[in-house]
Amino acid sequence: MFEATTILAYKGQGQAVIGGDGQVTFGNAVLKGNATKIRRLYKDQILAGFAGSTADAFNLFDMFEGHLETSKGDLLKAVVAFSKEWRKDKVLRRLEAMMIVLNKEHIFILSGTGDVVEPEDGSIASIGSGGNFAISAARALAKHSDLKPVDLVKESLMIAGELCIYTNQNIKILEIED
């Protein structure tokens, strides 16, 4: 589990939404409260979020974007190729990182051990130290409310920010709509 962030992604109703908090910690100190840990990739058709070292994030986003270009935006092909490269590379596999990538059709969690996980329900995924808080809130809100996906992600991250000491409530959200 990675401390210092919470990323939550939701796919459904013709939308893909990802959100993340802004807190960056080093040990038990907050270094920054307004970091951006999510971004748009491949012609704004893919959303991605990162938990782990900031320096590692830039390398992994660039590497993943290269696979998206090679696969002409086919998320499934890019995820498989990226995961193989990440796992086989002696330097990259030492990175302490996880990513969530999604579009309107797919959502995946990626790890440095080569894991490619599509969530069981196919619509909600989270990573980071507050990930379990955020996904619990998101599942409850999805089941018992009529919130729009962007509001569901924001509210779930706000709840995680109340509970996880490595997560703040400076939430950033990106979405793709029909």
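So, how was this worked out
- Residues numbered from 1 in each chain as written.
- Predicted model: local features only at pLDDT ≥ 70, side-chain atom pairs only at ≥ 80, totals over all residues.
- Heavy atoms only, no water.
- Salt bridge = Lys/Arg side-chain N within 4 Å of Asp/Glu carboxyl O.
- Helix = DSSP H or I, 4+ residues; strand = E, 2+ residues; numbered from the N terminus.
- Buried < 20%, exposed > 50% of the residue type's maximum accessible area, 1.4 Å probe, protein only.
- Contact = heavy atoms within 4.5 Å.
- Phe/Tyr/Trp six-rings, centres within 6.5 Å; stacked < 30°, edge-to-face > 60°.
- UniProt positions renumbered as here; feature names shortened; annotations may be inferred.

1. Section: the pattern of salt bridges
Part 1: Across all of its chains, the model carries 1 salt bridge by this definition.
Part 2: In this structure, Asp-21 engages Lys-37 in a salt bridge whose closest nitrogen and oxygen atoms are separated by 3.3 Å. Of this pair, Asp-21 sits in the loop between strand S2 (15-20) and strand S3 (24-26) while Lys-37 sits in the loop between strand S4 (29-32) and strand S5 (38-41), placing them 16 residues apart in sequence. Neither residue differs from the other here; Asp-21 and Lys-37 are each classed as buried.

2. Looking at the environment of Gly-33
Part 1: Structurally, Gly-33 is set in the loop between S4 and S5.
Part 2: Not counting residues up to four positions away in its chain, the partners in contact with Gly-33 are Gly-22, Gln-23, Asn-168 and Asn-170.

3. Section: the packing of aromatic side chains
Part 1: If you walk through the whole model with that rule in mind, you get 3 aromatic pairs.
Part 2: Here a set of aromatic residues connected by ring pairs shows up, and it is made of Phe-64, Phe-82 and Trp-86.

4. Focus: the UniProt feature "binding site: Na(+)" (unreviewed entry) in the protein
Part 1: As annotated in UniProt, the feature "binding site: Na(+)" (unreviewed entry) corresponds to Gly-161, Cys-164 and Thr-167 in the numbering used here.
Part 2: Within the secondary structure layout, Gly-161 lies in helix H4 (residues 149-163).
Part 3: Ignoring sequence-local partners within four residues, the contact set of Gly-161 consists of Thr-167, Asn-168 and Gln-169.
Part 4: With respect to the secondary-structure elements, Cys-164 resides in the loop between H4 and strand S11 (172-177).
Part 5: Residue classification places Cys-164 among the buried residues on the basis of a relative accessible area of 7%.
Part 6: Sequence-distant contacts of Cys-164, defined by excluding residues within four places in its chain, comprise Ser-129, Gly-130 and Phe-133.

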